[in-house]
Amino acid sequence: MAKRKVEIPKGSWLDKKGQRWMKVAIDVMIGGDKFLRQITMTFPVNFEMALGKYMVDMGDMDDFRDRVNQQYSSLERLRNLTFFPTGNKILRG
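Residues numbered from 1 in each chain as written. Predicted model: local features only at pLDDT ≥ 70, side-chain atom pairs only at ≥ 80, totals over all residues. Heavy atoms only, no water.

(A) Up close: the overall build of the protein. In terms of helices and strands, the protein carries one helix and five strands. In the protein, the order of α-helices and β-strands from amino to carboxyl end is β-β-β-β-α-β. Here the protein, with 93 residues, has 28% of them falling under the buried criterion. A separation threshold of at least 6 residues defines the contact pool for the protein, and within that pool the share at least 24 residues apart is 49%. A total of about 7,000 Å² of accessible surface is found on the protein, and carbon and sulfur atoms cover 51% of it. (Helix = DSSP H or I, 4+ residues; strand = E, 2+ residues; numbered from the N terminus. Buried < 20%, exposed > 50% of the residue type's maximum accessible area, 1.4 Å probe, protein only. Contact = heavy atoms within 4.5 Å. Areas by Shrake-Rupley, 256 points an atom, 1.4 Å probe, with all protein chains shown as cover.)

(B) Quick peek at the environment of Phe83. The residue Phe83 is located in strand β5 (residues 81–85) in this model. Phe83 gets classed as buried once you look at its relative accessible area, which sits at 12%. Residues within four places of Phe83 in sequence aside, it is in contact with Ile26, Asp27, Val28, Met61, Phe64, Arg65 and Val68.

(C) Spatial organisation of a negative patch on the surface. A cluster of acidic residues, Asp60, Asp62, Asp63, Asp66 and Glu76, forms a negative patch at the surface. Within the secondary structure, Asp66 sits in helix α1 (residues 61–71). (Patch = residues over 30% accessible without salt bridge, like charges linked within 9 Å, V, L, I, M, F, W, Y side chains within 5 Å. Salt bridge = Lys/Arg side-chain N within 4 Å of Asp/Glu carboxyl O. Lys, Arg positive; Asp, Glu negative; His and termini not counted. Charge placed at Lys NZ, Arg CZ, Asp CG, Glu CD.)

(D) Molecular detail of a nonpolar patch on the surface. On the surface, Val6, Phe47 and Met49 cluster together to form a nonpolar patch covering roughly 270 Å² of accessible area. Within the secondary structure, Phe47 is located in strand β3 (residues 34–48). For Phe47, a relative accessible area of 30% translates into the label partly exposed.

(E) Structural view of the packing of aromatic side chains. By the definition in use, this model includes three aromatic pairs. With a centroid separation of 6.1 Å and 25° between ring planes, the pair formed by Phe43 and Phe64 is classed as stacked. You can see Phe43 sitting in strand β3 and its partner Phe64 sitting in helix α1, a full 21 residues away along the chain. With respect to class, Phe43 is no different from Phe64; both count as buried. With 5.1 Å between their ring centres and 80° between their planes, Phe64 and Phe83 make a pair best called edge-to-face. On the criterion of sequence distance, the pair formed by Phe64 in helix α1 and Phe83 in strand β5 is long-range, its members being 19 residues apart. Take Phe64 and Phe83: they sit in the same class, and that class is buried. Site record: aromatic cluster; members linked through ring pairs are Phe43, Phe64 and Phe83. Here the guanidinium or amino end of Arg20 rests over the ring plane of Tyr54, the centre of that ring lying 5.7 Å away. (Phe/Tyr/Trp six-rings, centres within 6.5 Å; stacked < 30°, edge-to-face > 60°. Lys NZ or Arg CZ within 6 Å of the ring centre and 35° of its normal.)

Honestly, that's just the spatial picture; any functional story needs more than this.
And the structure:
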């Protein structure tokens, strides 16, 4: 089997069970063009064999919106929100 050099995402960490996690900064926009605020959320990071790299698993949009509403209840009443992960920021756990 050939060995590949795999880059571990900066700012990620392992929990006691061996799952890798990462905090992600997300810009919340109203109507897609008006900045509302920035939130941070923690997501699991999994290695994708087909791509050969680690990927953040944010789940599907319904699960994601439920998590946002649970963690940031002030956003629950707002509609027409768009979420943009900001990949250029490294956040520490």
